[in-house]
Amino acid sequence: MITTATRIDVKKVTKSRLSELDMKNLTFGRVFSDHMFVADFANGQWDEARIVPYDKMPMSPSTSALHYGQTIFEGLKAYKNDKGEVLVSRPWANHKRLNISCERMAMPIVPEELFMESLSMLVKLDKDWVPSVPNSSLYIRPFMFSTDEYIGVKPSETYRFIIFTAPVGAYYTAPIRVLVETNYIRAVEGGIGYVKAAGNYGRSLFPTQLAQQRGYQQIIWTDARNHRFIEESGTMNVMFVIDDILITPPLGDTILAGITRDSVLTLARDWGYRVQERKISIDEVVDAHKKGTLQEAFGAGTAATIAHIAAIGFEGRDYELPPVEERIFSNRVSRELDDIRRGKIADRHSWMLKV
Ligand SMILES: *Cc1c(COP(=O)(O)O)cnc(C)c1O
């Protein structure tokens, strides 16, 4: 097992690609920083930890991950403060969640030291790729997949763990319109909804495509049994402010335990907001809209941070929400999170790792 940073071999690029990057016009997810971290698991242990130039990897067509989907990922972000120092948001939480995913998918866990050392080294090496422009950040993508060249169905004996990074701009540039999905489902009890597994995304693409053809950007997933209770919005946790109470569905095996969700709830509680983690049905949301008590709705996740919901489509009607300027809670929490991440205000919960 790798226990210290000194055992991570580093092979640097001969020429950085940074000069090709337009920091002022960043999009999301197509440009990657110079280096990546790679480690391979074989014979019951992680080995050959290395940082190498970001590049393509040769792969056998029989690589098991491509067939049976033993593949999981994480997503987190790094920011720059005014002094140009780099701060990573809540990496310890991502490490814990990665290992929860590993367990459910019969994959080997990644020791905390290996995760933290490799992530810190990589981000430090490519620190010039961390944008300092507003709304932009360095997205960090740790992921793991099975590598046995074998098409029998069983857990692989070998795996690869990689971390690469990407300078990114805003995920959504405007408030989103969401469609309540009452036919397809994202997760079932006993399934892998709480796991950050590739398969959860693969299955969501077709229903999302149908919603997009109807003019919505995302889906609001409902429970598999009755299609009544709200679960998540696309790949984000979802929250509502009704009558000055912040309401979000409770965690369970059909809901991904978002770290942004946790940060939002923590700040809300710090501020003395009334917070409820409980089941919320689409009927309750529609009722609140009719009564005029539905003040805010938003998605919460690393990629978008806070994605304001402009309208909710349900049974042929669009329920329009109040203008974003009037949304007191989500604007405040969005600003506060940004200020903590960019080191502008105190990090009272010790969320940030300086690399
Ligand atoms: C990643 C993810 C989220 C958000 O989690 P964060 O830790 O806040 O980024 C929410 N729902 C799903 C399904 C996800 O995959």
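Everything numeric here is computed off the predicted structure, so don't read it as measured data. (Residues numbered from 1 in each chain as written. Predicted model: local features only at pLDDT ≥ 70, side-chain atom pairs only at ≥ 80, totals over all residues. Heavy atoms only, no water.)

1. Structural notes on the pattern of salt bridges
Move 1: Overall, the coordinates contain 17 salt bridges when judged by the stated rule.
Move 2: Across the salt bridge formed by glutamate 85 and lysine 354, the nearest N and O atoms sit 3.5 Å from each other. With glutamate 85 in the loop between strand E5 (76-80) and strand E6 (86-89) and lysine 354 in strand E18 (residues 352-354), the pair connects residues that are 269 residues apart, well separated along the chain.
Move 3: Measuring nitrogen to oxygen at the nearest pair gives 2.7 Å for the salt bridge that ties glutamate 320 to arginine 177. (Salt bridge = Lys/Arg side-chain N within 4 Å of Asp/Glu carboxyl O. Helix = DSSP H or I, 4+ residues; strand = E, 2+ residues; numbered from the N terminus.)

2. Examining the nonpolar core
Move 1: By size, the foremost hydrophobic cluster in this structure holds 36 residues, and its most contacted members are Phe37, Trp46, Ile72, Met144 and Phe161.
Move 2: At the level of secondary structure, the elements contributing two or more residues to this core comprise strand E2 (35-42), strand E3 (45-53), E5, E6, helix H2 (91-104), helix H3 (112-125), strand E7 (137-146) and strand E8 (159-168).
Move 3: With 6 residues, H3 is the single largest residue contributor to this core. (Core = buried A, V, L, I, M, F, W, Y, C linked by side-chain atoms within 4.5 Å. Buried < 20%, exposed > 50% of the residue type's maximum accessible area, 1.4 Å probe, protein only.)

3. Quick word on the pairing of E3
For a regular strand, side-chain orientation follows a simple rule: the groups alternate between the two sheet faces.
Move 1: The pairing of strand E1 (residues 9-10) with E3 spans 2 bridges and is classified as parallel. Note that in E3 the partner of valine 10 across the bridge is isoleucine 51.
Move 2: Pairing between E2 and E3: 7 bridges, direction antiparallel. Considered in E3, the bridge of phenylalanine 37 is made with isoleucine 51. (Pairing = 2+ DSSP bridges.)

4. A few points about the packing of aromatic side chains
Move 1: Under the definition given, this model contains 19 aromatic pairs.
Move 2: Among the aromatic side chains, those forming a connected cluster through ring pairs are Phe37, Phe41, Trp46, Phe115, Tyr159 and Phe161.
Move 3: Above the ring of phenylalanine 229, the side-chain terminus of lysine 279 is found at 5.5 Å from the ring centroid.
Move 4: In this structure, arginine 332 packs its charged tip against the face of tryptophan 271, placed 3.7 Å from the ring centre. (Phe/Tyr/Trp six-rings, centres within 6.5 Å; stacked < 30°, edge-to-face > 60°. Lys NZ or Arg CZ within 6 Å of the ring centre and 35° of its normal.)

5. So, the environment of phenylalanine 73
Move 1: One can find phenylalanine 73 in strand E4 (residues 71-73).
Move 2: Residues contacting phenylalanine 73, with those up to four places away along its chain left out, are Arg141, Pro142, Phe143, Lys196, Ala197, Ala198 and Tyr201. (Contact = heavy atoms within 4.5 Å.)

6. Regarding H2
Move 1: Over its 14 residues, H2 extends 20 Å from the first C-alpha to the last, a length consistent with the 20 Å expected when each residue adds 1.5 Å.
Move 2: Within H2, the full set of buried residues consists of Pro91, Asn94, His95, Arg97, Leu98, Asn99, Ser101 and Cys102. (Expected span 1.5 Å × (residues − 1).)

7. What about the domain arrangement of the protein chain?
Move 1: The domains assigned to the protein chain are domain 1 (3-168) and domain 2 (176-341).
Move 2: Centre-to-centre, using C-alpha coordinates, domain 1 lies 28 Å away from domain 2.
Move 3: Taken residue by residue, the interface counts 20 residues in domain 1 and 19 residues in domain 2.
Move 4: When residues of domain 1 are sorted by the area they lose upon contact with domain 2, Phe73, Arg97 and Arg104 head the list and together hold 36% of the total.
Move 5: If you look at where domain 1 meets domain 2, you find 1 salt bridge. (Domains from an automatic or database assignment. Buried area = accessible area lost by both parts, 1.4 Å probe.)

8. Remarks on the site of the ligand
Move 1: Neighbouring the ligand are 14 residues; Lys196, Tyr201, Glu232, Thr260 and Thr302 lie closest to it.
Move 2: Side-chain polar atom of arginine 97 to an oxygen atom of the ligand: 2.7 Å apart, as the coordinates give it.
Move 3: Here an oxygen atom of the ligand sits 2.8 Å away from a polar atom, N or O, in the main chain of isoleucine 259.
Move 4: In isolation the ligand exposes 380 Å². Once the protein is present, 96% of that is buried.
Move 5: Contributions of two or more residues to the shell around the ligand are made by strand E12 (236-242) and helix H5 (259-270). (Near = heavy atom within 4 Å. Polar contact = N/O pair within 3.5 Å; in protein donor to acceptor, adjacent residues only side chain to side chain. Areas by Shrake-Rupley, 256 points an atom, 1.4 Å probe, with all protein chains shown as cover.)

9. Points about the environment of arginine 317
Move 1: Relative to the elements of secondary structure, arginine 317 occurs in strand E17 (residues 317-320).
Move 2: You can call arginine 317 partly exposed: its relative accessible area is 42%.
Move 3: Taking the C-alpha atoms as reference points, arginine 317 and threonine 63, separated by 254 residues in sequence, lie 46 Å from one another.
Move 4: Each residue touching arginine 317, except ones within four places of it in the same chain, is listed here: His289 and Ile312.

10. Quick word on the packing of H5 against helix H7 (residues 328-341)
Move 1: It is the contact of H5 with H7, at a shortest axis distance of 10 Å, that shows an interaxial angle of 105°. Here H7 runs roughly perpendicular to H5, going by the angle between their axes. From H5, Ser263, Val264, Leu267 and Ala268 reach across to H7, where they touch Phe329, Val333, Glu336, Leu337 and Ile340.
Move 2: Split by residue class, the contact of H5 with H7 holds 7 nonpolar, 1 polar and 1 charged. (Axes fitted to C-alpha atoms, helices over the stretch in contact; angles between N-to-C directions. Parallel < 35°, antiparallel > 145°, perpendicular 65-115°, else oblique. Nonpolar A, V, L, I, M, F, W, Y, C, P; charged D, E, K, R; others polar.)

11. Section: helix H4 (residues 198-213)
Move 1: Its 16 residues place the ends of H4 23 Å apart at the C-alpha level, agreeing with the 22 Å of an ideal helix rising 1.5 Å per residue.
Move 2: For H4, the principal kink sits at leucine 205 and spans about 35°; a proline, proline 207, occurs within the next four residues.
Move 3: Buried within H4 are the following residues: Asn200, Ser204, Pro207, Thr208 and Ala211.
Move 4: Tucked into the core, H4 has its buried residues touching strand E9 (176-180) and strand E10 (218-222).
Move 5: Looking one or two places after H4, you find glycine 215, whose phi comes out positive at around 95°. (Bend = angle between axes of the 7 residues up to and from the residue.)

12. A few points about the packing of H2 against H3
Move 1: For the pair H2 and H3, the least separation of the axes is 10 Å and the interaxial angle reads 135°. As judged from the angle between their axes, H2 and H3 are oblique. Along this stretch, H2 crosses H3, giving a crossing that reads as right-handed. Along its contact with H2, which presents Pro91, Trp92, Asn94, His95 and Leu98, the element H3 presents Glu112, Phe115, Met116 and Leu119.
Move 2: Class assignment of the residues belonging to the contact of H2 with H3 gives a composition of 6 nonpolar, 2 polar and 1 charged. (Left-handed = near helix turned anticlockwise from the far one by under 90°.)

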